Amino acid sequence: MGVTVQFRVIEERAYDAFYRLSNIQNQIRAYVFDVIRSTIPRMELDSLFVSTSDVALDVLRGLQGIMHQYGYEIIDTLVTDISPNPLVRAAMNEIMATRKIKEAMFHKAEAGEALSFVHVSLCFKAPLAFTSSPMLVL
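Presented here is a report on the structure given in the accompanying data block. (Residues numbered from 1 in each chain as written. Predicted model: local features only at pLDDT ≥ 70, side-chain atom pairs only at ≥ 80, totals over all residues. Heavy atoms only, no water.)

## Topic: the overall build of the protein
Then step 1. When its secondary structure is counted, the protein shows five helices and two strands.
Then step 2. When the helices and strands of the protein are read in sequence order from the N terminus, they spell out β-α-α-α-α-β-α.
Then step 3. Looking at the protein residue by residue over its 138 residues, the buried ones come to 23%.
Then step 4. In the protein, once contacts between residues fewer than 6 apart in sequence are set aside, the share between residues at least 24 apart is 66%.
Then step 5. Carbon and sulfur atoms make up 60% of the accessible area of the protein, which totals about 9,900 Å². (Helix = DSSP H or I, 4+ residues; strand = E, 2+ residues; numbered from the N terminus. Buried < 20%, exposed > 50% of the residue type's maximum accessible area, 1.4 Å probe, protein only. Contact = heavy atoms within 4.5 Å. Areas by Shrake-Rupley, 256 points an atom, 1.4 Å probe, with all protein chains shown as cover.)

Right, dumping it as structure tokens:
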């Protein structure tokens, strides 16, 4: 998962910012992954793609308090990329394809039922009576 973090040194805490941490990028990266590891397992993969802003907000909140003590202000975070394992991605694609096939079969069955209804009505020369639900009414 790609996350971009915008930060700046708090002028009044410049000493802390430059002397308390030796490698700010690695430290922020470690905190970001800690927050992500605690947030992502609570979400389903489909909802993760929809709620990237929620994940970014969790990362922002998690970083602000921690990094403030080191003299840094976290301005914003942005989730830039979600790339699940290729096997997970293939499974998700298969699930979506199966859902679409199931939906298409349902619509095809409804259309077939409507045609059967028309055929039966014509055979018995009965007036057509459609209802909102797909059932035969004579």
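## Some remarks on the packing of aromatic side chains
Then step 1. For the structure on display, the rule yields two aromatic pairs.
Then step 2. Plain terms: the ring middles of F7 and Y72 are 5.7 Å apart, the flat faces sit at 75 degrees to each other, and that makes the pair edge-to-face. Here the residue F7 occupies a position in strand β1 (residues 2-9), and Y72 occupies one in strand β2 (residues 72-81), the gap between them amounting to 65 residues.
Then step 3. Taking 4.8 Å as the distance between ring centres and 40 degrees as the angle between the ring planes, the aromatic pair formed by Y15 and Y19 counts as tilted. With Y15 and Y19 both in helix α1 (residues 14-19) and four residues apart, this pair spans about one turn of that helix. In terms of burial, Y15 and Y19 fall into one category: exposed. (Phe/Tyr/Trp six-rings, centres within 6.5 Å; stacked < 30°, edge-to-face > 60°.)

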